[in-house]
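A closer look at the structure
Residue-level listing of the chains:
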Amino acid sequence: MSEPLLDVRNLSTSFVNGSTETTVVDDVSFSIALGHTLAIVGESGCGKSILSLSLIRLIPDSARTRGEILIGGEDLARVSSERMRQIRGGKIGMIFQEPMTSLNPIMTVGAQLSEALKLHFPDLTTAERQQRVIEGLRRVRLPAPETQFHRYPHELSGGMRQRVMIAMALACEPDLLIADEPTTALDVTVQAEILSLLRDLQQDTGMAVILITHDLGVVAEFADEAMVMYAGRIVERGEVGAIFSDPQHPYTIGLMGSIPQLGNQDRLLEIEGTVPALSAMPPGCRFAPRCVFAGPRCSDQSPAPREVTAGHAVACHFAPLEDHA
Ligand SMILES: Nc1ncnc2c1ncn2[C@@H]1O[C@H](COP(=O)(O)OP(=O)(O)O)[C@@H](O)[C@H]1O
Ligand SMILES: [Mg+2]
């Protein structure tokens, strides 16, 4: 891979409640280069959102993060809060599942986008700012951007609101866009439109994208690399081609067996059992209780990630699978 833009090393995030500490992101390392899309995939509750929020230091007050988050020579785990605010919405843009929670309901679309620009480009005149906002709305293919400028979020459809969020996230030309389940709340057609819009914008800008999803169909279609997350840990990662042609972790294989059609949310993932509760995390491999291959070693030794081929790493005692066939 070319020189990484973002290099995350041994990132862990825990919630502290009195004397108990529960680790929801456990020793995660990865990197991503400009122009690449990295998908983070796993069932609900696996720690995908907390991981992405940890990167930009937006975790709840009761949480603590350890590790390094290196971007452009800075460690985001250590920069001042002031600097972190500049980076958020500057070098790093974010979009979330439900745009309504991130948009201010009592401000027009135009006013919100102008505000965001003002923060990062204080020297623009009001007219220049307005011009740029309208261009930004056009870029995300919002119909009649001059009209939308004056509308309030509740006057827009879910898909249009997500386009506004994308315009907001891209206003400052970030190097990295973090998109956490950006289309989960949208219907199928709109979902596909938003994902292809993101891909086109990425091609134009050359930014890196971290795409969080529970849908392997989305990964196959839109990502270059993927990390499969289970109960706070990365169980498999590699190029998307390698993961799909040669999945190695039993959890990945289970997810593959239940790929919903792109956008079809009726079919849920169908691996037997559920993600363990934080308070009852099994020792050893966290997937062992649901794993059809699990042996005695799995329930007491945590498997370390190992490369099965260059760039394709798996955290399973049985990997590579052919050794045990
Ligand atoms: N504010 C919080 N306090 C305690 N635990 C939390 C909090 N937010 C999330 N968690 C826990 O962290 C784990 C990971 O959650 P999350 O990152 O939202 O999962 P995902 O995005 O993969 O669905 C879950 O077990 C969840 O219950
Ligand atoms: Mg989430």
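Residues numbered from 1 in each chain as written. Chains lettered and ligands numbered in written order. Predicted model: local features only at pLDDT ≥ 70, side-chain atom pairs only at ≥ 80, totals over all residues. Heavy atoms only, no water.

A short note on the pairing of strand β3 (residues 37-41)
We count it as follows: Summary of the burial criterion: residues with accessible area below 20% of their type's maximum are buried, those above 50% are exposed, and those between are partly exposed, where the area comes from a 1.4 Å probe applied to protein chains only. Only DSSP runs of H or I with at least four residues qualify as helices, and only runs of E with at least two residues qualify as strands; both kinds are numbered from the N terminus onward. The rule for pairing is simple: two strands pair if DSSP sees at least two bridges between them.
Across the 5 residues that make up β3, a large majority, 5, are buried. Side-chain alternation along β3 places Thr37, Ala39 and Val41 on one buried face and Leu38 and Ile40 on a second face that is also buried. Sheet topology note: the β3/strand β8 (residues 208-213) ladder contains 5 bridges and is parallel. Paired with Ile40 across the bridge in β8 is Ile212.

A look at the environment of Asp75
Quick note on the threshold: The contact definition used throughout considers only heavy atoms, calling two residues in contact when any of these lie within 4.5 Å. Polar contact is defined as a pair of N or O atoms within 3.5 Å, subject to the rule that within protein one atom must be able to donate a hydrogen and the other to accept it, and that residues adjacent in sequence are counted only when both atoms are side-chain atoms.
For Asp75, the location among the structural elements is in strand β5 (residues 74-75). Since its relative accessible area comes to 14%, Asp75 is described here as buried. Linking Asp75 and Ala33, residues 42 residues apart in sequence, is a C-alpha distance of 16 Å. Setting aside residues up to four positions removed in sequence, Asp75 forms contacts with Gly67, Glu68, Ile69 and Leu70. Of the polar contacts made by the side chain of Asp75, one reaches the backbone nitrogen of Ala77; its length is 3.0 Å.

Topic: the environment of Glu68
Among the structural elements, Glu68 can be located in strand β4 (residues 63-71). On the basis of relative accessible area, Glu68 is assigned to the partly exposed category, the value being 29%. Here Glu68 is in contact with Asp7, Val8, Arg9, Asp75 and Arg78, once residues within four sequence places are set aside.

Purely geometric stuff here, so don't read any function into it on its own.
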